[in-house]
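One-letter residues, chain by chain:
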Amino acid sequence: DTPQLQTLADLHLDEYEATAGTNRKHNFTLSGRMEIPKTRGVTLSGTVRKMTGTRFTIQDDTLDSDRNRINFAPLPSGTYQPFAQGGDYVMRDVENEGGRNGAVGPGFMQIDMRVGYRARLGGRRTLDIFYETFNITDRANFTNPGGNRRLVQDFLRLAGLTGGTGFPRQSQIGLRLGF
């Protein structure tokens, strides 16, 4: 398997040095639970999560400038804008440090809440009734955009939601019988 940045026999290993694609500069989580006084078992809980985006590469694979038969050329540092203007689903003014993983994708923010009630049924038996809402603010949390400048329609366009937790507001009602 030929390394993407190799030129003839030179592997250019120094150009592979970059911040990891999974690295986040900030990651904040706050959660709590409380029993509401004088309600005999009503609880309120919530979680707030906020994270900066992960790294991605802004590149152009139009040409094979290093002649290694792999069209992968990270673009130099600078400010990049999407070609497809208009709409809410594009990143604007992306600062690129250059090289691999030189840009930072969109951040993540979500607030989840839960209200519940525990009824004691006698002995060790209990019945929990709860209502949960995920992503109360209904914020769309996107994955990294397309970073290939050759693909004009996808360049810096936000197209995918973060799996599992980045979806629009959702709610559910549940019952739990404990014995």
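Definitions and cut-offs
Residues numbered from 1 in each chain as written. Predicted model: local features only at pLDDT ≥ 70, side-chain atom pairs only at ≥ 80, totals over all residues. Heavy atoms only, no water. Helix = DSSP H or I, 4+ residues; strand = E, 2+ residues; numbered from the N terminus. Buried < 20%, exposed > 50% of the residue type's maximum accessible area, 1.4 Å probe, protein only. Contact = heavy atoms within 4.5 Å. Core = buried A, V, L, I, M, F, W, Y, C linked by side-chain atoms within 4.5 Å. Salt bridge = Lys/Arg side-chain N within 4 Å of Asp/Glu carboxyl O.

A. Summary view of the overall build of the chain. Check the secondary structure of the chain and you find zero helices and nine strands. Each helix (α) and strand (β) of the chain, taken in turn from the N terminus, gives the series β-β-β-β-β-β-β-β-β. A burial count over the chain gives 32% of its 179 residues as buried. Looking at the chain alone, contacts between residues at least 24 apart form 61% of all its contacts between residues at least 6 apart.

B. Structural context of the nonpolar core. Counting residues in each nonpolar core, the largest one holds eleven residues, listed as Phe 56, Ile 58, Leu 75, Tyr 80, Met 91, Val 94, Ala 103, Phe 142, Phe 155, Leu 156 and Leu 158. Ignoring any residue separated from it by four or fewer positions in sequence, one finds Val 94 in contact with Phe 56, Ile 58, Gly 78, Thr 79, Tyr 80, Ala 103 and Leu 156.

C. Summary view of the side chain of Gln 59. Mapped onto the elements of the fold, Gln 59 is located in the loop between strand 3 (55–56) and strand 4 (78–80). Judged by relative accessible area, which is 16%, Gln 59 ranks as buried. Setting aside anything within four residues of it in sequence, one finds Gln 59 in contact with Phe 72, Ala 73, Pro 74, Leu 75, Gly 147, Asn 148 and Arg 149.

D. Highlighting the pattern of salt bridges. Taken as a whole and assessed by the stated rule, the structure comprises six salt bridges. Residue Arg 150 pairs with Asp 61 through a salt bridge whose shortest N-O separation is 2.4 Å. On the criterion of sequence distance, the pair formed by Arg 150 in the loop between strand 8 (125–134) and strand 9 (170–178) and Asp 61 in the loop between strand 3 and strand 4 is long-range, its members being 89 residues apart. For Arg 150, a relative accessible area of 42% corresponds to the partly exposed category.

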